[in-house]
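# Survey of secondary and tertiary structure
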Amino acid sequence: EYPYGRATDEGRAMMQIVHDVAPDAELAFRSGFISAGNFADGIKALRDSGCNIIVDDITYITEPFFTDGVVAKAVEEVSASGVNYFTAAGNFGVKSYEGIFTPITAPAAYVGMAHDFGGGDYYQSLNLAAGTYTIALQWDDNYFTAGETTGALNDLDFYLADQFGNKLFGFNRNNLEGDPLEIMPFVVKANVNAKIIITRRAGNQNVRFKYIIFRGEGTILNHIQGTGTVIGQANAESAISVAAVLYSNTPAYGVAIPTVASFSSRGGVLVEGVNRQKPDIAGPNGGNTTVNLGGTNIDNDQFFNFFGTSAAAPHVAGVAALLMEAKKKYYDNVSFTGTEMKSLLKTSALALDSTGIYTNGGSGFVQADKALQTFSNPYPQVTGRYLQDSLKIPGTDTVTVVIDGKYFAGNASVIFQYDTIPAVVTNGTQLVAVIPPFFGNPPLTVYNPPLSPSGLDGGNSDSLYFFGTIPKNVVVTVNDATKHYGEVIPPYNFSVTVNGESLTQSGLTLADIGLENNVTYSSPANNLSNIGLYYRRASSPV
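Please read all numbers here as calculations on a predicted model, not as lab measurements.

Burial analysis of strand β7 (residues 131-139) places seven of its nine residues in the buried class, the great majority of the element. Examined bridge by bridge, β7 and strand β10 (residues 181-188) share eight bridges and lie antiparallel to one another. Along β10, the bridge assignment pairs Gln-138 with Leu-181. Relative to strand β12 (residues 208-215), β7 runs antiparallel, the two being bridged by six bridges. Pairing of Thr-134 across the sheet is with Arg-215, part of β12.

Now the structure itself:
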């Protein structure tokens, strides 16, 4: 049982992702599927229970498109109290139309005025693949259930017609003094072309309106504009709204500039007349969980792949948990507010295009390491070295060495024979240092000084050597044993680690390290020794 009810399959998958990214994070779950109001109450309940990071993937199509509804207001409330709030941007791609109602005379079968999509055309063409559909229409009007004192002053309706313009059906209420919302659910048995017509049955305002295909693989074929689909709490000012990038379409898999998935909701929807620049950031999706959500097994392993912004959002939330823990460790228990976290993630993201913020993936793809480097230094990682002048001999001559790796701080230095040698860092992946003559084969390491006041960050890289024979730390451990009085000494055996790895992992054999058939054992204990503790030792002439 989870603290706030039984987790849904998707909720379990999201929690697995958070655990994968931030294994020590304490997890809580609260369902949000009863109603928008109950969802909002749950957000505040999680905050009151001590959760400083909250992540959701729920969209209520009845929440206002053009103003903050009850869920968005709950997000603002908990964010103001310090919570980092993450939300899935949505999986509705560009399946939307938005415009200002432009009245023209409607066809005879319809009441009121029709919207002119362009050039006197009161129809918009769609292609509808077979499947179940839910399309929602909203317009910018008084929204009674969002807390406004009066309801809608205009009543817009929309209808589905066949490809020849014959009206099929519409689901249209009298919206006056209520909410400016219409929903059209239907089922398509086979791929078909169809038309949508939008009418104003009552009222006289040319209001801004939008419809979104929330369910179903429909494609808008003409008069394409206003394709943003980030709505509800994903469009809340203080929320961190997350778009989706397939994990294999990232730099870790050789793709320099990731592209946002086509299904990931695009931003651009105005709230109270303001473009809130959503989504904020992009995260990976398509990774593994143990929950079968029906996705394609793209990597052909034994686990199920989890797709959608529902998978991207918990990834970024997990990154936030790691960053908050690091901040507390290095800065005397100081943490990030939601505003600070949003700024940190956005400024450290990998830009997806030259404009920085844009409607597909916000400021770019999340980069945990870059975010961490803004307030702490990592320990450097070295991958190799070479001499600028290959004719010079290390040890005999003064040589200039170029070291390759990553996470080199701008003020990194080289430690060589216990001396600190200044280095020139050309970028975070390469530095240059001048090494004087020396004896033997001493180790060379790169050192990042700490950036935080605690001095707990930074550190030394693994060692590099100029000559091929690299010292190895070989540890031989003799087996423990117990015996009763009069019993023979238990058999001896031993295990070996090389630089902390097992012999198998190191790729070496006992013969390679001189221990094959060359080990003798000793102990002060014998068959008749009294009760006590006795050492068991191994020795070798090597």
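The rest of the description comes next.
So, about the nonpolar core. In terms of nonpolar packing, the biggest core is built from 28 residues, with Phe-86, Ile-281, Leu-323, Met-341, Leu-345 and Phe-375 touching the most fellow members. Among the elements of the structure, β2 (84-88), β14 (240-246), α4 (309-330) and α5 (338-347) are those that each provide at least two residues to this core. Once you skip the residues sitting within four places of it in the chain, Phe-86 turns out to touch Ile-53, Ile-54, Val-55, Asp-56, Ile-240, Val-242, Val-316, Ala-317, Ala-320, Met-341 and Leu-345.

Each aromatic ring pair is described using two quantities: the centre-to-centre distance and the angle formed by the ring planes. Within this structure, the stated rule accounts for 21 aromatic pairs. Ring geometry for Phe-169 and Phe-171: centres 5.8 Å apart, planes at 65 degrees, overall edge-to-face. You can call Phe-171 partly exposed: its relative accessible area is 36%. Linked through ring pairs, Tyr-97, Phe-101, Phe-117, Phe-209 and Tyr-211 together constitute an aromatic cluster. Taking the ring centre of Tyr-110 as reference, the NZ or CZ of Lys-167 above it sits at 5.0 Å. In this structure, Arg-537 packs its charged tip against the face of Tyr-535, placed 3.7 Å from the ring centre.

Inspection of α5 places Gly-338, Met-341, Lys-342, Leu-344, Leu-345 and Lys-346 among the buried residues, and these make up the whole buried set. Here the buried face of α5 lies against β2, β14, β17 (281-285), α4 and α6 (368-373).

What follows deals with the side chain of Ser-96. Residue position: Ser-96 is located in strand β3 (residues 96-100). Judged by relative accessible area, which is 2%, Ser-96 ranks as buried. From its side chain, Ser-96 meets the backbone oxygen of Gly-226 in a polar contact 3.4 Å long. Once residues within four sequence positions are removed from consideration, Ser-96 is found in contact with Lys-210, Tyr-211, Ile-212, Ile-220, Gln-225, Gly-226, Thr-227, Gly-228 and Thr-229.

The next point concerns the confidence of the model for the protein. Residues at a pLDDT of 70 or more form 97% of the protein, whose mean pLDDT is 93. Within the model, pLDDT remains below 50 along residues 1-7, and this stretch shows 18 contacts once partners closer than five positions in the same chain are excluded.

The end-to-end C-alpha distance of helix α2 (residues 36-48), which contains 13 residues, comes to 19 Å, matching closely the 18 Å that a straight helix rising 1.5 Å per residue would cover. Taken together, the buried positions of α2 are Ala-36, Asn-38, Phe-39, Ala-40, Gly-42, Ile-43, Leu-46 and Arg-47. Its buried side turned inward, α2 meets β1 (53-56), α3 (70-80) and β2. Phi turns positive one or two residues past the end of α2, at Gly-50, with a value near 100 degrees.

What follows concerns the side chain of Asp-155. For Asp-155, the position within the fold is in strand β8 (residues 155-162). For Asp-155, which is buried and forms no salt bridge, the nearest opposite charge comes from Arg-201, at a distance of 4.7 Å. Leaving out residues up to four positions away in the same chain, Asp-155 has contacts with Trp-139, Arg-173, Asn-174, Asn-175, Leu-176, Glu-182, Thr-199, Arg-200, Arg-201 and Ala-202.

Looking now at the sheet that holds strand β21 (residues 399-406). If you walk across this open sheet you meet the seven strands as β20-β21-β24-β23-β22-β25-β26, and the pairing is antiparallel. The sheet is open, and its two edges are formed by β20 (381-387) and β26 (459-460), each paired on a single side. Relative to strand β24 (residues 430-435), strand β23 (residues 419-427) is paired through four bridges, and the arrangement is antiparallel. Bridge pairing in β24 links Asn-427 to Gln-430.

Time to look at the pattern of salt bridges. Taken as a whole and assessed by the stated rule, the structure comprises 14 salt bridges. With a closest N to O distance of 2.6 Å, Arg-47 and Asp-48 form a salt bridge. Among the residues examined, Arg-47 registers a relative accessible area of 19% and is labelled buried. In this structure Asp-48 comes out as exposed when scored by relative accessible area, which is 57%. Residue Lys-346 is joined to Asp-280 by a salt bridge in which the shortest nitrogen-to-oxygen separation is 3.7 Å. Taken together, the residues span a long stretch of sequence, with Lys-346 in helix α5 and Asp-280 in the loop between β16 (274-275) and β17 at a distance of 66 residues. The pair Lys-346 / Asp-280 is uniform in exposure class, with both members buried. Residues participating in the shared-partner salt-bridge network are Lys-44, Arg-47, Asp-48 and Glu-77.

Cut-offs applied
Residues numbered from 1 in each chain as written. Predicted model: local features only at pLDDT ≥ 70, side-chain atom pairs only at ≥ 80, totals over all residues. Heavy atoms only, no water. Buried < 20%, exposed > 50% of the residue type's maximum accessible area, 1.4 Å probe, protein only. Helix = DSSP H or I, 4+ residues; strand = E, 2+ residues; numbered from the N terminus. Pairing = 2+ DSSP bridges. Core = buried A, V, L, I, M, F, W, Y, C linked by side-chain atoms within 4.5 Å. Contact = heavy atoms within 4.5 Å. Phe/Tyr/Trp six-rings, centres within 6.5 Å; stacked < 30°, edge-to-face > 60°. Lys NZ or Arg CZ within 6 Å of the ring centre and 35° of its normal. Polar contact = N/O pair within 3.5 Å; in protein donor to acceptor, adjacent residues only side chain to side chain. pLDDT = per-residue confidence, 0-100. Expected span 1.5 Å × (residues − 1). Lys, Arg positive; Asp, Glu negative; His and termini not counted. Salt bridge = Lys/Arg side-chain N within 4 Å of Asp/Glu carboxyl O.

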